[in-house]
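What follows is the residue order along each chain.
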2 protein chains.
Amino acid sequence: MDIKQLQYFIAVAGQMNFSKAAEKLHISQPSLSNAIKKLEQEIGSPLLERNTRNLQLTEAGELLYERAKVILKNMEVLKIEMDEVIVRGTSEITIGIMESIKHWLPKVITEYKKEYPEMMIHLVDILGSKRVEKSLKSYKTHLIITNQIMDDEDLEVKCLYEERLVAVLPLNHPLAEKERLTIADLSEEPFIISTEGFQTRQDILDAFARADKNINIQFEIERFETAVSLVRENLGITILPENYLKGPTANTIVQKEIDCPNLRRNVYVVYLKNRHLPLAIRQLLTDIMAVGKTL
Amino acid sequence: MDIKQLQYFIAVAGQMNFSKAAEKLHISQPSLSNAIKKLEQEIGSPLLERNTRNLQLTEAGELLYERAKVILKNMEVLKIEMDEVIVRGTSEITIGIMESIKHWLPKVITEYKKEYPEMMIHLVDILGSKRVEKSLKSYKTHLIITNQIMDDEDLEVKCLYEERLVAVLPLNHPLAEKERLTIADLSEEPFIISTEGFQTRQDILDAFARADKNINIQFEIERFETAVSLVRENLGITILPENYLKGPTANTIVQKEIDCPNLRRNVYVVYLKNRHLPLAIRQLLTDIMAVGKTL
DNA sequence: TTAATCTATAGCTTTAAACTATAAATGGGA
DNA sequence: TCCCATTTATAGTTTAAAGCTATAGATTAA
């Protein structure tokens, strides 16, 4: 029983048709028939009930199909890992990011590039917790930086830093004059919030619920940048992570601390626990993890 | 990258010697050298640092070694499962048991044999919780019947029945006359108990601890039969599951209920969650699980 | 330097996996 | 009912690769 035989069998069981499976495998139909026949002899039992019209898996076939899929998946992952572990002239790394880390990630990458100039870095936007999991488990991204709270035993989650969420108001907004701002103050204002699936949306809704106040949602957005534009146009107010507001944006709106100790979020770096990360990527991970201290 | 190549590499990495690995694999040394060379070409990186005196794994070699071991293990398990799923004239099943189920297991097997007369049944004694886990995970036993409390996510644990633990006294023992028996009554008596690692030992010690009473251990035994013999010879008293005492033993000692609601134990059937059990074994499992209702 | 030990190379043989051509089986439609 | 379309199996041949033996080359210990 070798890998090729399992691949052939998976193709037949997947297509439920020898001829089409053979085509997909780029071999002739008789070769495939022969290969399956040999596999059945080796196992000592038929795997398929053949009929010129219908194919059907036997009990043994069903079992082999389930198990072989897992083994082939492992082989695929092995190939990916072996490719990555090889020290080549140039190598690649893919990081899933969210927009609100723009204030520190470029600096970390600049430093990293001095040590590893040959590394090609892909930055991919990842939205929502399900995509975090999927992106990592399909081996598409090496690391993901997110504020999504992940609860999956296959994932390693490291907290980078904690930051406050602050109110964002248009210039000249009445609330900007107030000494102290509470959830109650924001309750009746037209509110701009992230769409379903974003952790920040949940954090904000939780804070309003705990304060037992209503929230008057008028806009749902996917990017903080959109939220800031809407605020600037006097269409509503919002709550954003304080670090996101650093930089040129700062003078175009008013940001104000809110009297609410729970209005905070954590930023994590997440990766697959069992994935082998080559040295160059482990180094970037270390650099990223150090960012919490310098912030 | 196929299974054979991985096997060859594992052999070399395990022996750290091409010639000895070749011998173990029953192929010539040049064939093995060639095979590893081809594997390295395919992967695109050396797996071993060669020296006529010392071999050493490269980083890629280390990674492949770890991953390949898992894949080969999966292949082995697959072969076992495929062998078992095939309906042959005669087939085998191995059950791990403890002695204290002799009062019902033979009956279940008698009934089962009427339906599956061709099944060969191995009964193996299993002592202690670590051995339960090991025996299942090495695919040596299909099912284990035990009172050990197992906490392992790979294992499926089904409770068959609950039974009382009762005091076992020699004939004419003064305590046999008492109307009601408590832990306190047993506290100073010379006590016979199972050795470390048995659930029943823990259950008894827990009961004494909860009652805040001393236990005067004089004998440690591995089999309940031994305990009963010692009691019969007036060397001490003990506590055993009530069902164990059914049958001819019953008249040679005195058994007495103890005023202690926690002095009970559960009997479980345990098997590997992800193992494919062929129909004939699933049927026996069903028969065993039905025993709790008839008891 | 030499002997011992180990891996690599060269050239040959054998095995098995692929191909093409064709036969056999089956079910649907004329 | 019979024939055709579809699909899998068989036969025979070619090609590729995996194995073998013999031997060379490299390294260390004596």
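Residues numbered from 1 in each chain as written. Chains lettered and ligands numbered in written order. Predicted model: local features only at pLDDT ≥ 70, side-chain atom pairs only at ≥ 80, totals over all residues. Heavy atoms only, no water.

Novice: Account for the overall build of chain A, naming residues and giving values.
Specialist: Secondary structure assignment for chain A yields 11 helices and 11 strands. Radius of gyration (C-alpha) of chain A: 27 Å, far over the 19 Å computed for a compact globule of 295 residues. Principal-axis analysis of the C-alpha atoms places the extent of chain A at approximately 85 × 45 × 30 Å. Counting across all 295 residues of chain A, residues that qualify as buried make up 49%. (Helix = DSSP H or I, 4+ residues; strand = E, 2+ residues; numbered from the N terminus. Rg over C-alpha atoms; globule rule 2.2 N^0.38 Å. Buried < 20%, exposed > 50% of the residue type's maximum accessible area, 1.4 Å probe, protein only.)

Novice: With reference to specific residues and values, describe the environment of A:Leu171.
Specialist: Residue and element names in this part refer to chain A. Within the element layout of this structure, Leu171 appears in the loop between strand S6 (155–169) and helix H7 (183–186). In the structure, Leu171 is positioned 63 residues away from Asn234 in sequence and 8.5 Å away in space, judged by C-alpha atoms. Leu171 has contacts with Asn251, Thr252, Ile253 and Val254, leaving out every residue within four places of it along the chain. (Contact = heavy atoms within 4.5 Å.)

Novice: Explain the relation of the copies chain B and chain A to me, using residue names and the numbers behind them.
Specialist: Copies of the same chain, two in number, are related to each other by a rotation about an axis and a translation along it. Overlaying chain B with chain A gives an RMSD of 0.1 Å, the required rotation being 180° about an axis along which the chain moves by 0.1 Å. A rotation of that kind, with that shift, is consistent with a two-fold axis. (Least-squares fit on C-alpha atoms with pLDDT ≥ 70 in both.)

Novice: Account for the interface of chain B and chain A, with residues named and values stated.
Specialist: Contacts between chain B and chain A engage 28 residues on the former and 28 residues on the latter. Summing both partners gives a buried area of about 2,500 Å² for chain B against chain A, and 71% of it is carried by carbon and sulfur. Taking the shortest distance from any N to any O, the salt bridge between B:Arg67 and A:Glu81 comes out at 2.6 Å. One can count 6 residue pairs in polar contact (both at pLDDT 80 or more) joining chain B with chain A. For the side of chain B that touches chain A, the elements supplying multiple residues, two or more each, are helix H1 (3–15), helix H4 (59–85) and helix H10 (279–289) of chain B. No other element matches H4(B), which puts 13 residues into the side of chain B that touches chain A. (Buried area = accessible area lost by both parts, 1.4 Å probe. Salt bridge = Lys/Arg side-chain N within 4 Å of Asp/Glu carboxyl O. Polar contact = N/O pair within 3.5 Å; in protein donor to acceptor, adjacent residues only side chain to side chain.)

Novice: I'd like a rundown of the nonpolar core, residues and numbers included.
Specialist: In this structure, A:Phe9, A:Leu64, B:Phe9 and B:Leu64 are the most contacted members of the largest nonpolar core, which totals 66 residues. Every residue in contact with A:Phe9, bar those within four places of it in the chain, is listed here: A:Ile36, A:Leu39, A:Leu47, A:Leu48, A:Leu57, A:Gly61, A:Leu64 and A:Tyr65. (Core = buried A, V, L, I, M, F, W, Y, C linked by side-chain atoms within 4.5 Å.)

Novice: Run through the packing of helix H4 (residues 59–85) of chain A against H4(B), naming residues and quoting values.
Specialist: Across the interface, H4(A) lies against H4(B) with an axial gap of 10 Å and an inter-helix angle of 175°. Considering the angle they form, H4(A) stands roughly antiparallel to H4(B). Seen from H4(A), the contacting residues are A:Glu59, A:Ala60, A:Leu63, A:Leu64, A:Arg67, A:Ile71, A:Asn74, A:Met75, A:Leu78, A:Glu81, A:Met82 and A:Val85; seen from H4(B), they are B:Glu59, B:Ala60, B:Leu63, B:Leu64, B:Arg67, B:Ile71, B:Asn74, B:Met75, B:Leu78, B:Glu81, B:Met82 and B:Val85. Residues that form the contact of H4(A) with H4(B) fall into these classes: 16 nonpolar, 2 polar and 6 charged. (Axes fitted to C-alpha atoms, helices over the stretch in contact; angles between N-to-C directions. Parallel < 35°, antiparallel > 145°, perpendicular 65-115°, else oblique. Nonpolar A, V, L, I, M, F, W, Y, C, P; charged D, E, K, R; others polar.)

Novice: Quick one: what's the story with the state of the cysteines, residue by residue and with numbers?
Specialist: Inspection of the entire model under this criterion finds 0 disulfides over all chains. Unpaired in terms of disulfides, A:Cys260 finds its nearest cysteine sulfur in A:Cys159, a separation of 18 Å. (Disulfide = S-S within 2.5 Å.)

Novice: Hey, could you go over the protein's contact with DNA strand D for me, with residue numbers and the actual values?
Specialist: Around DNA strand D, the structure places 22 residues, and the nearest of them are A:Arg50, B:Tyr8, B:Ser28, B:Ser31 and B:Lys38. Among all atoms of DNA strand D positioned within 4 Å of the protein, those belonging to sugar or phosphate total 64%. One of the side-chain N or O atoms of A:Ser19 is found 2.8 Å from a phosphate oxygen in DNA strand D. In the model, a phosphate oxygen of DNA strand D is placed 2.6 Å from a nitrogen or oxygen of the B:Ser28 main chain. Going through the elements one at a time, helix H2 (18–25) and helix H3 (29–43) of chain A together with H1 and helix H3 (29–43) of chain B are the ones with two or more residues in the surface near DNA strand D. With 4 residues, H3(A) is the largest single contributor of residues to the surface near DNA strand D. (Near = heavy atom within 4 Å.)

Novice: Let's hear about helix H1 (residues 3–15) of chain A: which residues, and what values?
Specialist: All names here are of chain A. Given a rise of 1.5 Å per residue, 13 residues ought to cover 18 Å, and the 18 Å separating the end C-alpha atoms of H1 matches this to within 8%. All buried positions along H1 are accounted for by Ile3, Gln5, Leu6, Tyr8, Phe9, Ile10, Ala11, Val12 and Ala13. Met16 lies just past H1 and shows a positive phi near 55°. (Expected span 1.5 Å × (residues − 1).)

Novice: Explain helix H8 (residues 199–210) of chain B residue by residue, including any values.
Specialist: Taking 1.5 Å of rise per residue, the 12 residues of H8(B) would be expected to cover 16 Å, and the 16 Å separating its terminal C-alpha atoms lies within 8% of that figure. Along H8(B), the residues classified as buried are B:Gln199, B:Thr200, B:Arg201, B:Asp203, B:Ile204, B:Ala207 and B:Phe208.

Novice: Can you explain the environment of B:Ala176? Please cite residues and give values.
Specialist: Residue and element names in this part refer to chain B. Assignment of secondary structure puts Ala176 in the loop between strand S6 (155–169) and helix H7 (183–186). Expressed as a C-alpha distance, the spacing of Ala176 and Lys256, which sit 80 residues apart in the sequence, is 7.3 Å. Leave out the neighbours within four places in its chain, and Ala176 touches Leu169, Val254 and Lys256.

Novice: Kindly report on unusual backbone geometry, identifying the contributing residues and their values.
Specialist: The residue A:Tyr139 is not glycine, and still its phi comes out positive at about 65°. In this structure, A:Tyr139 sits in the loop between helix H6 (129–137) and strand S5 (143–146). Of note, B:Asp212 is a non-glycine position whose phi angle comes to about 60°, a positive value. The topology assignment puts B:Asp212 in the loop between H8 and strand S8 (216–221).

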